[in-house]
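Here are the chains, one letter per residue:
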Amino acid sequence: MVSENIDEISRVDILVLRDFRRAKERLKKKAKGGAGIEITIEQARKLDAAGVARWVADAHDLYEFCQSSGFQFILSSGASSPAGAVSGQSFDAILKMMGIDPQKHWKEMNSWLEFRLGRRVRPC
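Residues numbered from 1 in each chain as written. Predicted model: local features only at pLDDT ≥ 70, side-chain atom pairs only at ≥ 80, totals over all residues. Heavy atoms only, no water.

1. Section: the packing of helix α1 (residues 20-30) against helix α3 (residues 49-69)
Move 1: The contact between α1 and α3 brings their axes to 11 Å, and the two run at 15 degrees. Here α1 is positioned roughly parallel relative to α3, judged by the angle of their axes. Crossing angle aside, the handedness with which α1 passes α3 is left-handed. Packed against α1, whose contacting residues are Phe 20, Arg 21, Leu 27 and Lys 28, the element α3 presents Arg 54, Asp 58, Asp 61, Leu 62 and Phe 65 at the interface.
Move 2: Looking at the contact of α1 with α3 residue by residue, the classes come out as four nonpolar, no polar and five charged. (Axes fitted to C-alpha atoms, helices over the stretch in contact; angles between N-to-C directions. Helix = DSSP H or I, 4+ residues; strand = E, 2+ residues; numbered from the N terminus. Parallel < 35°, antiparallel > 145°, perpendicular 65-115°, else oblique. Left-handed = near helix turned anticlockwise from the far one by under 90°. Contact = heavy atoms within 4.5 Å. Nonpolar A, V, L, I, M, F, W, Y, C, P; charged D, E, K, R; others polar.)

2. Remarks on the pattern of salt bridges
Move 1: By the definition in use, this model includes five salt bridges.
Move 2: Residue Arg 21 is joined to Asp 58 by a salt bridge in which the shortest nitrogen-to-oxygen separation is 2.6 Å. Here Asp 58 lies in helix α3 and Arg 21 lies in helix α1, a separation of 37 residues in the sequence.
Move 3: Here Asp 58 falls in the buried class, since its relative accessible area comes to 15%. (Salt bridge = Lys/Arg side-chain N within 4 Å of Asp/Glu carboxyl O. Buried < 20%, exposed > 50% of the residue type's maximum accessible area, 1.4 Å probe, protein only.)

3. Focus on the sheet that holds strand β2 (residues 14-16)
In a beta sheet, neighbouring strands pair by backbone hydrogen bonds and run either parallel or antiparallel.
Move 1: In space, the four strands of this open sheet follow the order β1-β2-β3-β4, with parallel pairing throughout. The two strands at the open ends of the sheet, each matched to only one other strand, are β1 (2-3) and β4 (72-76).
Move 2: Across two bridges, the pairing between β1 and β2 is parallel. What sits directly across from Ser 3, in β2, is Leu 15.
Move 3: Contacting β3 (36-40) and β4, α3 crosses the sheet at an angle of about 170 degrees to β3. (Pairing = 2+ DSSP bridges.)

4. Considering the layout of surface pockets
Move 1: Size it by volume and the largest pocket reaches roughly 240 Å³.
Move 2: Along its surface, the largest pocket is lined by 14 residues, and Arg 18, Asp 19, Gln 43, Trp 55 and Asp 58 are the ones closest to its centre.
Move 3: Every element with two or more residues in the lining of the largest pocket is listed here: α1 and α3.
Move 4: Looking at the lining of the largest pocket, the element that brings in the most residues is α3, giving six residues.
Move 5: Taken together, the residues of the lining of the largest pocket break down into seven nonpolar, two polar and five charged. (1 Å grid on protein atoms, 1.4 Å probe; cavity = no way out; pocket = protein on both sides within 12 Å on 5 of 7 lines; lining within 4 Å. Points joined across faces, edges and corners; volume = space filled by probe spheres on them.)

5. Side note on the nonpolar core
Move 1: Judged by nonpolar contacts, the single largest core of 29 residues is most densely connected at Leu 17, Leu 27, Phe 73, Leu 75 and Met 98.
Move 2: Within the residue set of this core, elements represented by two or more residues are α1, β3, α2 (41-45), α3, β4 and α4 (88-97).
Move 3: Looking at this core element by element, the count peaks at seven residues for α3.
Move 4: Among the nonpolar cores identified, the runner-up in size contains five residues, and Ile 14, Val 16, Met 109 and Trp 112 belong to it. (Core = buried A, V, L, I, M, F, W, Y, C linked by side-chain atoms within 4.5 Å.)

6. A few points about the pairing of β3
Residues in a regular strand point their side chains to alternate faces of the sheet.
Move 1: The buried count for β3 comes to five of five residues, which makes it a mostly enclosed element.
Move 2: Of the two faces of β3, both are covered, the one formed by Gly 36, Glu 38 and Thr 40 as well as the one formed by Ile 37 and Ile 39.
Move 3: Across three bridges, β2 lies against β3 in parallel orientation. By the bridge assignment for β3, Leu 15 is matched with Ile 37.
Move 4: Relative to β4, β3 runs parallel, the two being bridged by five bridges. The residue of β4 that forms the bridge with Ile 37 is Phe 73.

Structure (structure tokens):
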């Protein structure tokens with residue numbers, strides 16, 4: 001289940017955040033870990049240079065929060081059409097800009113996805 005409602009963090013697989021700064025304190029109070037917290041590149045596309053700089057800093061802070069609280073940091077394109085898609089190389093470049101090692105990030109994502117799927121899928 002995916003939600004934008006922080007109050008549902010204990011019941012969702014992925015929480016989509018629009019503004020980490022405003023959500024940070026509420027997340028700390030509700031932090032139980034395990035879920036993924038997603039931000040989208042689509043949000044940054046609509047910002048001016050100063051806004052993009054804040055978005056990158058907030059994304060890094062969110063990554064650090066996720067690492068310390070047991071959540072999975074998820075960076076997605078947020079694309080609703082093929083025109084909004086982001087290449088793998090671009091994802092890696094954005095992760096590096098945030099101070100995140102892309103190889104480590106993708107390994108953590110893979111492990112998290114396998115764990116989440118393993119809880120839902122049972123072998124025959």
